[in-house]
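# Chain and residue survey
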Amino acid sequence: MNPVILIPARLASTRLPNKPLADIAGDPMIVHVWRRAVASKIGEVFVACDDERIFAAIQKAGGKAVMTRADHMSGSDRIYEALQKIDPHNKYDVVVNVQGDVPTIEPDVIRAVLEPLESPSVDIATLACEIKDEKEIGDPAVVKVIFSGGTLPPVSLRETPPTRSSYSTPPRTYTAVNFLRSTTSSGETLYHHIGIYAYRRSALERFVNLPPSPRELQEKLEQLRALEAGIKIGVAIVDTVPLGVDTQEHLDKARKIIANN
């Protein structure tokens with residue numbers, strides 16, 4: 001594989017204005033995400049942004065950014081436009097989409113998203129983590145992923161963060177059959193979907209050209225479009241859920257985490 005990491009960054013945010021530029025330890029949040037993506041050592045990293053201020057912040061940090069339209073409906077659409085601009089000759093065959101609001105994400109977690117693509121039958125790869133807080137089970141903000149063959153056994157899959165060099169056998173990967181927001185618990189182990197994706201280039205192109213599917217519109221989950229179109233999504237299990245910054249409370253927490261590291 002010859003992957004590239006693209007980080008979509010949109011300045012507008014209803015809950016946290018100017019979120020990508022929010023200061024964390026003296027640097028904009030988007031710069032922290034870019035640094036962690038670079039540290040994953042997957043490949044080149046670009047920020048796909050819609051505002052000159054984000055572009056300038058990444059350039060000042062020594063990174064690469066590409067301007068995209070401001071009216072994209074999703075991060076997938078934004079990274080596809082960016083991909084066409086930076087790679088018109090199809091050098092990259094895998095595109096890793098890292099969200100621009102995860103400033104504390106571990107580079108090992110980013111690397112883990114490539115594991116399901118080791119199977120030629122997988123079109124899109126993503127991540128999940130076992131839900132251990134019962135409050136998350138009924139929380140519609142926590143997206144759950146259901147695997148083929150039912151739920152997975154409630155076991156610790158590894159004691160250290162997943163890196164290609166730290167385990168002797170590959171981490172277990174599974175095939176997603178459903179994503180949902182609300183569910184009821186009957187004692188089974190449930191898994192929190194982590195919105196980081198690795199697309200085969202052909203799958204990304206097909207995906208962004210599909211119309212929104214009925215269940216996607218109902219659940220407001222873009223990945224359901226892929227499943228309903230027969231696009232196979234593989235899932236690797238990791239040990240932690242990256243902190244996504246959507247509110248001032250999340251931002252304060254991210255600041256504390258980074259200040260203590």
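Data block above holds the structure.
Anyway, here's the lowdown on the structure attached to this text. Nothing here was measured: the structure is a model prediction, and the numbers come from that model.

This part covers helix α5 (residues 201-208). Within the sequence span of α5, burial applies to R201, A203, L204, F207 and V208. For α5, the angular spread of the buried residues around the axis is 160 degrees, confining them to a single face. Looking at the buried positions of α5, the neighbouring elements they touch are α3 (75-86), β6 (94-97), β7 (124-130), β10 (191-200) and α7 (223-228).

We now examine the side chain of Q223. The residue Q223 is located in helix α7 in this model. Separated by 3.4 Å, the side chains of Q223 and Y197 make a polar contact. Contacts of Q223, omitting those with residues within four sequence positions, involve V143, F179, H193, Y197 and I233.

Quick look at the packing of aromatic side chains now. For the structure shown, the criterion picks out 4 aromatic pairs. Residues F147 and Y191 carry aromatic rings whose centres are separated by 5.5 Å and whose planes lie at 80 degrees to one another, so their mutual orientation is edge-to-face. Of this pair, F147 sits in strand β8 (residues 144-147) while Y191 is found in strand β10, placing the two residues 44 residues apart along the sequence. In terms of burial, F147 and Y191 fall into one category: buried.

Further remarks concern the packing of helix α1 (residues 29-39) against helix α2 (residues 52-60). Viewed as axis vectors pointing N to C, α1 and α2 meet at an angle of 50 degrees, and their least axial separation amounts to 9 Å. The angle between the axes of α1 and α2 places the two elements in the oblique class. Read as a crossing pair, α1 and α2 show a hand that is right-handed. Here I30, V31 and W34 of α1 lie close against α2, whose contacting residues are I54, A57 and I58. Its residues placed into classes, the contact of α1 with α2 shows 6 nonpolar, no polar and no charged.

Considering all chains together, one arrives at 13 salt bridges under this definition. In this structure, R35 and D27 form a salt bridge, with 2.9 Å as the shortest nitrogen-oxygen distance. A single network of salt bridges, built from pairs that share partners, joins K19, D101 and D246.

Thresholds applied
- Residues numbered from 1 in each chain as written.
- Predicted model: local features only at pLDDT ≥ 70, side-chain atom pairs only at ≥ 80, totals over all residues.
- Heavy atoms only, no water.
- Buried < 20%, exposed > 50% of the residue type's maximum accessible area, 1.4 Å probe, protein only.
- Helix = DSSP H or I, 4+ residues; strand = E, 2+ residues; numbered from the N terminus.
- Arc of directions from axis to C-beta.
- Contact = heavy atoms within 4.5 Å.
- Polar contact = N/O pair within 3.5 Å; in protein donor to acceptor, adjacent residues only side chain to side chain.
- Phe/Tyr/Trp six-rings, centres within 6.5 Å; stacked < 30°, edge-to-face > 60°.
- Axes fitted to C-alpha atoms, helices over the stretch in contact; angles between N-to-C directions.
- Parallel < 35°, antiparallel > 145°, perpendicular 65-115°, else oblique.
- Left-handed = near helix turned anticlockwise from the far one by under 90°.
- Nonpolar A, V, L, I, M, F, W, Y, C, P; charged D, E, K, R; others polar.
- Salt bridge = Lys/Arg side-chain N within 4 Å of Asp/Glu carboxyl O.

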